[in-house]
Amino acid sequence: MDEASSSTPKSDAKQLKTTTAGALFSLLNDDLLHNILARLPAPSFASAACVSKSWSQTCTLILSRPKLASALSLNPSLQVAWKEVTEKVLAEPIRPHFIIANVGSGFHLVDVNKLIKERFGCRAPFVISTANGILGTDVVTCEIKEVRWDSVSSDVSDDDDGSVPAEDGSYGIVLTVGFVPGLKVDAIPLLSTSVKECQEVFIDKFLMDIKDYTASVSDCTAPVGIIMFGDGCTNMRPVVDALDYVMPEETVIVGDEKGRFLYRSENESRNVCGTATSFSVAVALIFARDKENSCGDIQFQIALSEGVSTIGSKHKAVSVRASASDSTWLTARREGHREILDGQRILNDINDELENHTDSSDLYIGVKKRRSISTGPKTRRLVTSLDFHGVIGGDESYLYVNDVGIKTGDYFHFYRPDPQTALSSCTNLSVSLKNLKMDENSKDCCNLGEVFGGFIFACCGRGESFFERVNVDSSPFVENFPGVPLGGIFCGGEIGRGSSMFTREAQKDCKCNLHVYSTIYLVLSYTPAALDH
């Protein structure tokens, strides 16, 4: 029996149906086809792009501009929550260039890792982190929601893969998917062999990996932006300081200093989440200009809402001791006085200022440090920074604060969380964002371009209980960019570095990259190329 005679009526009917459907679609004009494809969910859109060359070109035209999709679910079932957020972020055409999933500690990181690979495959880099709370658009109410969990196990436990969740009822996920044509994105880890040994060699390798990746994909010498996640056990201050030193001011760096995480890089050799020889103590999503695709200009803008105010007089450190437990013991004298004060005297003075406020757990000292810094072969130069250290306590010998790096002669102020300062800062920031949306023809206005998304890193001490009202931290963004996708987290240490008209004036002379009781806003905007206008 030959091939022609081997066909069946059923196969003939199927072929006729396919041919007829193809003929009908071929009659669609470009505008109608564009409108149909633009309404498809992402999976169907991806399939449509494979139908023909003309369809692929139309799909490319539809996704010619950057796009962010984000959704939040508080369902206590991971499977249900995942289904809800993925259906939401994939409801419209998008091609994932990066994925960020932030979850409550009640969910297994390894389970989320598996779900991402099943749904999105292994092509796009992603980071999954455990957060102290999440912000985003609720899939149920379609309204912005801020959820902060009071009890979250943010420290990394012995299970480096995040396979054991905390039993604290912190269930929820915010999923953010980004499409950023004109940029290349990858996840680069900071690897270490021991959290206690010297970090310098690992930091240098981390910086070199970022530079090498940027040089391989971009004509620029530095990335546009970096989103970082630390493991909560490693001191991130020297890491951020090194990045601040080697990166130009235009490179924006934001992130969470403390929290468990998992990641996947496009480079398989970087996918080290815990081996016998090394493990990742931090990971950075690197956003670099794509030298092969310049379809417009994507800008990363950073904004800051402060949440602390100063207390009392300026002090000068006199006797300083660094302990083996990564804390500092010090005595000090008030500016303009010769008497040396121990920890108890210092705290008594501060408590008098606060009217018998006796709890030192939410006090900080902000130390102004002037240091000579170099990385690799770079020439040493003086850098002035403001570093916050949490106050542990004090006695008749010393004042005890977290972290090291304080030297004799350093000046410091005491700081406390202040809801009124934070609320005023949010209000002022909202006004600044509003002013930035002025007529783009104004020469006096730095226009943002088309804002297509945002991400928030808020201190876990803020939120509804801090302000005594809801959704304060998200309000500056939501009020100025209604309907624009927004995701975010409450975290244990806010990383925020970059030159911006929104950061405080004092940082022009004294930088602060690791903040306390603040909210960091990452605003993503796009300016089309000249031919796109």
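Here the structure is a predicted model, which is why all the values come from computation and not from measurement.

Definitions and limits used
Residues numbered from 1 in each chain as written. Predicted model: local features only at pLDDT ≥ 70, side-chain atom pairs only at ≥ 80, totals over all residues. Heavy atoms only, no water. Helix = DSSP H or I, 4+ residues; strand = E, 2+ residues; numbered from the N terminus. Buried < 20%, exposed > 50% of the residue type's maximum accessible area, 1.4 Å probe, protein only. Contact = heavy atoms within 4.5 Å. Areas by Shrake-Rupley, 256 points an atom, 1.4 Å probe, with all protein chains shown as cover. Core = buried A, V, L, I, M, F, W, Y, C linked by side-chain atoms within 4.5 Å. Phe/Tyr/Trp six-rings, centres within 6.5 Å; stacked < 30°, edge-to-face > 60°. Pairing = 2+ DSSP bridges. Axes fitted to C-alpha atoms, helices over the stretch in contact; angles between N-to-C directions. 1 Å grid on protein atoms, 1.4 Å probe; cavity = no way out; pocket = protein on both sides within 12 Å on 5 of 7 lines; lining within 4 Å. Points joined across faces, edges and corners; volume = space filled by probe spheres on them. Nonpolar A, V, L, I, M, F, W, Y, C, P; charged D, E, K, R; others polar.

**Student:** Can you explain the overall build of the protein chain? Please cite residues and give values.
**Tutor:** Regarding its fold elements, the protein chain presents 13 helices and 23 strands. Counting the 533 residues in the protein chain, one finds 51% classified as buried. Counting contacts in the protein chain only where the partners sit at least 6 residues apart, residues at least 24 apart contribute 78% of the total. Of the roughly 25100 Å² that the protein chain leaves accessible, carbon and sulfur atoms contribute 50%.

**Student:** Pulling in residues and values, what's your account of the nonpolar core?
**Tutor:** Grouped together as the largest cluster of nonpolar side chains are 38 residues, with contacts concentrated most on Ile227, Leu285, Phe300 and Phe457. Counting 37 residues, the second largest nonpolar core, distinct from the first, contains Phe45, Cys59, Ile62 and Ala101.

**Student:** Could you give me a rundown of the environment of isoleucine 456, with the residues and numbers involved?
**Tutor:** Along the polypeptide, isoleucine 456 turns up in strand β19 (residues 450-459). As for isoleucine 456 and threonine 519, which are separated by 63 residues in sequence, their C-alpha atoms are 6.9 Å apart. Setting aside chain neighbours within four positions, we find isoleucine 456 in contact with Leu135, Asp473, Ser474, Leu486, Gly487, Gly488, Ile489, Thr519, Ile520 and Tyr521.

**Student:** Give me the lowdown on the packing of aromatic side chains, citing residues and values where you can.
**Tutor:** Evaluated as defined, the whole model comprises 15 aromatic pairs. Both rings, one in tryptophan 82 and one in phenylalanine 120, keep their centres 6.3 Å apart while their planes meet at 80 degrees; by these two values the pair is edge-to-face. Within this pair, whereas tryptophan 82 is found in helix α6 (residues 78-89), its partner phenylalanine 120 is found in helix α7 (residues 109-120), the two being separated by 38 residues in sequence. Given the relative accessible area of 6%, tryptophan 82 is considered buried. Judged by centre distance (5.5 Å) and plane angle (45 degrees), the rings of phenylalanine 466 and tyrosine 517 are tilted. Within this pair, whereas phenylalanine 466 is found in helix α12 (residues 464-467), its partner tyrosine 517 is found in the loop between β22 (514-515) and β23 (519-528), the two being separated by 51 residues in sequence. Judged on exposure class, the residue phenylalanine 466 and its partner tyrosine 517 are both buried.

**Student:** Account for the sheet that holds β19, with residues named and values stated.
**Tutor:** Taking strand neighbours across the sheet as the criterion, the six strands line up as β5-β4-β20-β19-β23-β12 in an open arrangement whose pairing is mixed. Whereas interior strands pair on both sides, the edge strands pair on one side only; in this sheet they are β5 (144-148) and β12 (296-305). The sheet shows a mean angle of 15 degrees between the axes of neighbouring strands, taken without regard to direction. Sheet analysis places β19 next to β23, joined by eight bridges and oriented antiparallel. Paired with phenylalanine 455 across the strands is leucine 522, a residue of β23. Against the sheet, helix α11 (residues 419-436) makes contact with β12 and β23, and its axis sits at roughly 150 degrees relative to β12, the strand it touches most.

**Student:** Can you explain empty space enclosed by the protein? Please cite residues and give values.
**Tutor:** Counted under the stated rule, the structure contains four cavities of 30 Å³ or more. As for the largest cavity, its lining consists of 13 residues, of which Leu68, Phe98, Ile227, Leu522 and Leu524 are closest to the centre. Of all the secondary-structure elements, those providing two or more residues to the lining of the largest cavity are β2 (98-103), β12, β19 and β23.

**Student:** Got a sec to walk through the sheet that holds strand β8 (residues 225-230)? Specific residues and values, please.
**Tutor:** Strands sit in the order β7-β11-β8-β9-β21-β22 across an open sheet of six strands; the sheet is mixed. Two strands lie at the open edges of the sheet, namely β7 (183-192) and β22, each paired on one side alone. Here strand β9 (residues 252-256) pairs with strand β21 (residues 494-497) via four bridges, running antiparallel. Its bridge partner being in β21, isoleucine 253 is matched across the sheet by arginine 497. In the packing of helix α8 (residues 200-217) onto the sheet, contacts are made with β7, β8 and β11 (279-289), and the angle to β7 comes to roughly 165 degrees.

**Student:** Account for the pairing of strand β20 (residues 486-491), with residues named and values stated.
**Tutor:** Every regular strand shows the same layout, with side chains that alternate between the two sheet faces. Counted residue by residue, β20 has six buried out of six residues, so it is predominantly covered. Neither face of β20 is left uncovered, since the one carrying Leu486, Gly488 and Phe490 and the one carrying Gly487, Ile489 and Cys491 both have all their residues buried. Here strand β4 (residues 133-137) runs beside β20; their pairing, made up of four bridges, is antiparallel. In the strand pairing of β20, glycine 136 is matched with glycine 487. For β19 and β20, the ladder comprises six bridges, and the chain directions are parallel. Following the sheet pairing, isoleucine 456 is matched in β20 by glycine 488.

**Student:** Pulling in residues and values, what's your account of the side chain of serine 430?
**Tutor:** In this fold, serine 430 is placed in helix α11. For serine 430, a relative accessible area of 12% translates into the label buried. Setting aside chain neighbours within four positions, we find serine 430 in contact with Pro476, Glu479 and Asn480.

**Student:** Can you lay out the layout of surface pockets for me, pointing to particular residues and giving the numbers?
**Tutor:** Empty space within the second largest pocket amounts to approximately 890 Å³. The wall of the second largest pocket is formed by 29 residues, among which Arg95, Pro96, His97, Arg123 and Phe179 lie closest to the centre. Those elements giving two or more residues to the lining of the second largest pocket turn out to be α4 (42-48), α7, β7 and α8. With four residues, the top contributor of residues to the lining of the second largest pocket is α4. Among the residues making up the lining of the second largest pocket, the classes are represented as 18 nonpolar, five polar and six charged.

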